[in-house]
Amino acid sequence: MADASPALTRADPADDRRTGTRVPFRKARRQRERVRLLGQTVDLVRPEEVLHHVETWVAEGRKAVVANHNLNSLALLQKHPELQGFFDRADLVEVDSTPLIHFAKLLGLQGRAFHRCTYLDWRDHFWSLVNRNGWRVMYVGGAPGVVERARDRLIHAHPKADIRVRDGYFDATPGSADSAAVVEQVRAFSPHILFVGMGMPRQELWILNTLEALPDCVIFSVGAAFDYEAGAQKAAPRWMGRFGLEWAFRLVNDPRRLARRYLIEPWSLSGLIASDLIGAARSRRARRQVASGARAETRTEAPRPVA
């Protein structure tokens, strides 16, 4: 049964300094940020907090992984259990779903509308940081021609950005010659930021299977990010994302591809939803019983004799 309460213990930074071992960033999160939701661990962070952590990782030269959960990823985990290894390794797991944020709030967690974040929510701030700092950014994914058009548009808008692209039309099977060649391209460029946009679950599994061979950089699974930058896909207005209506915009624009994802897949999560609701109800009942017992004990406590 999924635990609806925050599931993080603080890490002692002194232990990391003393032993020289790396304490994963996800183990050092503030308690209210990292929570369990529908059987998965997610981070309730704002878009600007994501980029603050990215700046820190880049400055430290660390290898870090940023994932994101939405209803689609939760449904895919049931079909592709090997995906769990990717999310377990992630240093930060964004919540890319307004319905999930609302559900977190229903469970009594600290979910707020501004905790919904994905590439489209922090893209402008991100590229301003890239331009200011001269970061090297590589994008792996998308169609030939589309990713080059996205790169050209971004460089025109952010001339100090150093951007390299590689389309996603290659054999991503673990151990394949194509995959090894792409890894070598990434290593040769040595990016500060690596975006992998090949759709779920292909992008996550490729990151997981090549992670040790990839250079130290901040790695994001970003789906069709560069399709939006190239104008190949139209992004929903951000107000629709904040109100949980982005799915409707995307469904109207691409019904054949997305109808199953938005209208059928969420029903596969019914068991997880029920489990979290039952767990939350039990937790609230237990807290009320403890509080009631404490009040009763206070009322029945005998007065101390006066000296």
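Look a little higher up for the structure.
*Asks:* What's the story with the environment of Val 222 in this structure? I'm lost.
*Replies:* Tracing the backbone shows Val 222 in the loop between β8 (218–221) and α10 (225–230). The contact partners of Val 222, leaving out residues within four places of it in the chain, are Tyr 139, Phe 195, Val 196, Gly 197 and Gln 203.

*Asks:* How do you make sense of the packing of helix α2 (residues 47–60) against helix α6 (residues 119–133) when you look at a structure like this?
*Replies:* Two quantities define a packed helix pair, namely the angle between the axes and the distance from one axis to the other. Two elements in contact, α2 and α6, have axes whose closest approach is 9 Å; the angle formed by their N-to-C orientations is 30 degrees. With respect to each other, α2 and α6 are oriented roughly parallel. Where α2 crosses over α6, the two elements pack in a sense that is right-handed. In contact with Pro 47, Glu 48, Val 50, Leu 51 and Glu 55 of α2, α6 contributes Asp 121, Trp 122, His 125, Phe 126, Leu 129 and Asn 133. Grouping the amino acids of the contact of α2 with α6 by side-chain chemistry returns six nonpolar, two polar and three charged.

*Asks:* Just checking my understanding: could you explain the sheet that holds β8 for this structure?
*Replies:* Paired through backbone hydrogen bonds, the strands of a sheet run either parallel or antiparallel to each other. Strand order in the open sheet formed by six strands is β4-β3-β8-β7-β5-β6, with parallel pairing between adjacent strands. Either end of the sheet is taken by a strand with one partner, and the two such strands are β4 (92–95) and β6 (162–166). Ignoring strand direction, the axes of neighbouring strands in this sheet form an average angle of 20 degrees. The sheet contacts of α2 involve β3 (64–69), β4, β7 (193–197) and β8, and relative to β8 the element is tilted by about 145 degrees.

*Asks:* Sorry, what's going on with the packing of aromatic side chains here?
*Replies:* Here the distance between the centres and the angle between the planes together describe a pair of aromatic rings. Across all of its chains, the model carries 14 aromatic pairs by this definition. Seen in terms of ring centroids, Phe 126 and Trp 135 are 6.4 Å apart; in terms of plane orientation they differ by 50 degrees. Their pairing is tilted. A relative accessible area of 6% means that Trp 135 is categorised as buried. With a centroid separation of 6.4 Å and an interplanar angle of 50 degrees, the aromatic rings of Trp 127 and Phe 226 are classed as tilted. One end of the pair, Trp 127, is in helix α6; the other, Phe 226, is in helix α10, and 99 residues separate them in sequence. In this structure Trp 127 comes out as buried when scored by relative accessible area, which is 2%. Clustering of aromatic rings is evident, with ring pairs tying together Tyr 119, Trp 122, Phe 126, Trp 127, Trp 135, Tyr 139, Phe 195, Phe 220 and Phe 226. The cationic tip of Arg 46 hangs over the ring face of Phe 114; the distance from NZ or CZ to the ring centre is 3.7 Å.

*Asks:* Explanation requested: the nonpolar core in the structure shown.
*Replies:* In a soluble, globular protein the nonpolar side chains are often hidden away together inside. One finds Leu 37, Leu 194, Trp 206 and Ile 219 to be the most contacted residues of the largest nonpolar core, which totals 42 residues. If we skip the residues at most four places from it in the chain, Leu 194 touches Met 138, Val 140, Val 186, Leu 214, Cys 217, Val 218, Ile 219 and Phe 220. Counting 36 residues, the second largest nonpolar core, distinct from the first, contains Leu 92, Phe 195, Phe 226 and Ala 230.

*Asks:* How should the pattern of salt bridges be read in this particular structure?
*Replies:* When their charged atoms lie close together, side chains carrying opposite charge are able to pair. With the rule as written, the count across this model stands at ten salt bridges. The salt bridge partner of Asp 43 is Arg 34, with a shortest N-O separation of 2.5 Å. Both residues of the pair, Asp 43 and Arg 34, count as buried. Put simply, Glu 60, Arg 62, Arg 89 and Asp 91 are held in one network by salt bridges that share partners.

*Asks:* I'm lost on the pairing of β7 in this one. Help?
*Replies:* Put simply, side chains in a regular strand alternate between the two faces of the sheet. For β7, a buried count of five out of five residues is recorded, marking the element as mostly surrounded by other parts of the structure. Here β7 shows no split at all, with Ile 193, Phe 195 and Gly 197 on one side and Leu 194 and Val 196 on the other all buried. Sheet analysis places strand β5 (residues 136–141) next to β7, joined by five bridges and oriented parallel. The partner of Val 137 across the bridge, within β7, is Ile 193. Here β7 pairs with β8 via four bridges, running parallel. Paired with Ile 193 across the strands is Val 218, a residue of β8. In this fold, the crossover linking β7 to β8 by way of helix α9 (residues 202–210) has right-handed handedness.

*Asks:* Is there a simple way to explain the pairing of strand β2 (residues 40–43) in this structure?
*Replies:* Judged from the four bridges that link them, strand β1 (residues 34–37) and β2 form a sheet pairing that is antiparallel. Each bridged residue has a counterpart across the sheet, and for Arg 34 the counterpart in β2 is Asp 43. Connecting β1 to the next strand, β2, in antiparallel fashion are two residues, including Leu 38 with a positive phi near 50 degrees.

*Asks:* In this structure, what is going on with the side chain of Glu 94? I would like to understand it.
*Replies:* Counting through the fold element by element, Glu 94 comes out in strand β4. As a buried residue without a salt bridge, Glu 94 has its nearest oppositely charged side chain in Arg 116, at a separation of 9.3 Å. Setting aside its immediate chain neighbours within four residues, Glu 94 contacts Asp 43, Val 50, Val 66, Ala 67, Asn 68, His 69, Cys 117, Thr 118 and Trp 122.

*Asks:* Please explain unusual backbone geometry as it appears in this structure.
*Replies:* Both trends apply: most residues other than glycine have a negative phi, and most peptide bonds are in trans. Put simply, Met 200 and Pro 201 share a cis peptide bond, and its omega is 0 degrees. Position of Pro 201 relative to the elements: it lies in the loop between β7 and α9. Here Leu 38, not a glycine, exhibits a phi torsion of approximately 50 degrees, which is positive. Take Leu 38: it is sitting in the loop between β1 and β2. With a phi close to 50 degrees, Ser 190 is a non-glycine residue in the positive phi region. Turning to its location among the elements, Ser 190 is positioned in the loop between α8 (177–189) and β7. You can call Ser 190 partly exposed: its relative accessible area is 31%.

Rules behind the numbers
Residues numbered from 1 in each chain as written. Predicted model: local features only at pLDDT ≥ 70, side-chain atom pairs only at ≥ 80, totals over all residues. Heavy atoms only, no water. Helix = DSSP H or I, 4+ residues; strand = E, 2+ residues; numbered from the N terminus. Contact = heavy atoms within 4.5 Å. Axes fitted to C-alpha atoms, helices over the stretch in contact; angles between N-to-C directions. Parallel < 35°, antiparallel > 145°, perpendicular 65-115°, else oblique. Left-handed = near helix turned anticlockwise from the far one by under 90°. Nonpolar A, V, L, I, M, F, W, Y, C, P; charged D, E, K, R; others polar. Pairing = 2+ DSSP bridges. Phe/Tyr/Trp six-rings, centres within 6.5 Å; stacked < 30°, edge-to-face > 60°. Buried < 20%, exposed > 50% of the residue type's maximum accessible area, 1.4 Å probe, protein only. Lys NZ or Arg CZ within 6 Å of the ring centre and 35° of its normal. Core = buried A, V, L, I, M, F, W, Y, C linked by side-chain atoms within 4.5 Å. Salt bridge = Lys/Arg side-chain N within 4 Å of Asp/Glu carboxyl O. Right-handed = clockwise from strand over helix to strand, strands pointing away. Lys, Arg positive; Asp, Glu negative; His and termini not counted.

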